[in-house]
Amino acid sequence: MSLTISIANQKGGVGKTTTAINLASSLSDLGKKILLIDLDYQANATTCMGINRGSFEKSVFDLFTREASFDEVRLKTKNELIDVLPARTLVQGIEEKIILDSNRDYILHSMLANIKDDYDYILIDCPPSLGYITTNALMASDGVMVPVQCEFLAMDGLTQLLNTVRLVQTKKKLNHETLTIFGVLLTMLDARVNSGYQVVNEIKTYFNEKVFHTIIPRNITCSNATFYGVPVTVFSPKSKSSIGYKKLAKEVIRRHEQG
Ligand code: ADP
Ligand code: MG
């Protein structure tokens, strides 16, 4: 059974995009077929999958405004197990257009219904906001993964995110569907800084078993990989962050299989 996961946290810079691309890459190393959906105007996930910004006509936002079909937007990548729905920068007024759509919360949901089973995992890289785009991602997902940076004020904003998740859960229930908190991922832990471990404890106390055992360490190789436009698991497979994401992929599969 295919699983759709939104990677969401309205805070920027917590590791959403890094998690999306490296989890996609690590799951594909384990033979899984992946669709990676980039819903951020910064289009970083798109570039990091080796897709040149000028090389495609239609972006995922044309799906939202119904100006393109799924097949027109879907792109193949260098990795034959990963397809991408790319994002475009400089999209204006997208949310305003979505508001006018009578089916506004379900646009992505309906698009994915037909193709879900072509993939083992669909990973959605959410924008740093809780507007209609993120709501669409959550409505279309079976679970949400929340990256939390191991730094000061890590818990900030999580209540708002959880409120949005609850609203979506209520709506999905009407269709006999569910949205689980698939997991909370601690990211960018600096082993030399005590406050990082305080955040780890705080998050574990709050979210208990929802927290993934894998913690992604802060590792300069990871940000360098972003610069070269590749997942760190490809750029430097033996780096600490790569090892972290490979462990995470196994944990994701285990959680999925245990239901
Ligand atoms: P978001 O998508 O939540 O805004 P990003 O994934 O873009 O966050 O990460 C923010 C920045 O932190 C990026 O420059 C990225 O390269 C860097 N980064 C992410 N994870 C790590 C890590 N484990 N170690 C070091 N730098 C990281
Ligand atoms: Mg991002």
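Residues numbered from 1 in each chain as written. Chains lettered and ligands numbered in written order. Predicted model: local features only at pLDDT ≥ 70, side-chain atom pairs only at ≥ 80, totals over all residues. Heavy atoms only, no water.

Colleague: How do you make sense of the nonpolar core when you look at a structure like this?
Modeller: Inside soluble globular proteins, nonpolar side chains tend to come together where they are buried. Grouped together as the largest cluster of nonpolar side chains are 50 residues, with contacts concentrated most on Leu-35, Ile-37, Leu-39, Phe-64, Leu-112 and Ile-203. Looking at this core, the element that brings in the most residues is helix α8 (residues 158–174), giving five residues. Leave out the neighbours within four places in its chain, and Leu-35 touches Phe-70, Asp-83, Val-84, Leu-85, Leu-112, Ile-115, Tyr-119, Tyr-121, Ile-122 and Leu-123. Of all hydrophobic cores here, the second largest spans 30 residues; its members include Ala-24, Val-84, Met-145 and Tyr-245. (Core = buried A, V, L, I, M, F, W, Y, C linked by side-chain atoms within 4.5 Å. Buried < 20%, exposed > 50% of the residue type's maximum accessible area, 1.4 Å probe, protein only. Helix = DSSP H or I, 4+ residues; strand = E, 2+ residues; numbered from the N terminus. Contact = heavy atoms within 4.5 Å.)

Colleague: Please explain the pattern of salt bridges as it appears in this structure.
Modeller: Pairing of side chains with opposite charge becomes possible as their charged atoms draw close. Throughout the structure, instances matching the rule amount to eleven salt bridges. As a salt-bridge pair, Lys-116 and Asp-142 come within 3.1 Å of each other at their nearest N and O atoms. In this pair, Lys-116 sits in the loop between α6 (107–113) and β5 (121–125) while Asp-142 sits in the loop between α7 (132–139) and β6 (143–149), placing the two residues 26 residues apart along the sequence. The exposure class assigned to Asp-142 is partly exposed, which follows from its relative accessible area of 24%. Lys-172 is the salt-bridge partner of Glu-177, the closest N and O atoms lying 3.6 Å from each other. When its relative accessible area of 3% is taken as the criterion, Lys-172 is described as buried. (Salt bridge = Lys/Arg side-chain N within 4 Å of Asp/Glu carboxyl O.)

Colleague: What is the right way to read the packing of α7 against α8 from this model?
Modeller: Two packed helices can be described by the angle between their axes and the distance between those axes. Relative orientation of the contacting elements α7 and α8 amounts to 50°, with a least axis distance of 10 Å. The angle between the axes of α7 and α8 places the two elements in the oblique class. The handedness of the crossing between α7 and α8 comes out as right-handed. Across the interface between the two elements, Thr-135, Leu-138 and Met-139 of α7 pack against Thr-164, Val-165, Val-168, Lys-171 and Lys-172 of α8. Broken down by class, the residue content of the contact of α7 with α8 amounts to four nonpolar, two polar and two charged. (Axes fitted to C-alpha atoms, helices over the stretch in contact; angles between N-to-C directions. Parallel < 35°, antiparallel > 145°, perpendicular 65-115°, else oblique. Left-handed = near helix turned anticlockwise from the far one by under 90°. Nonpolar A, V, L, I, M, F, W, Y, C, P; charged D, E, K, R; others polar.)

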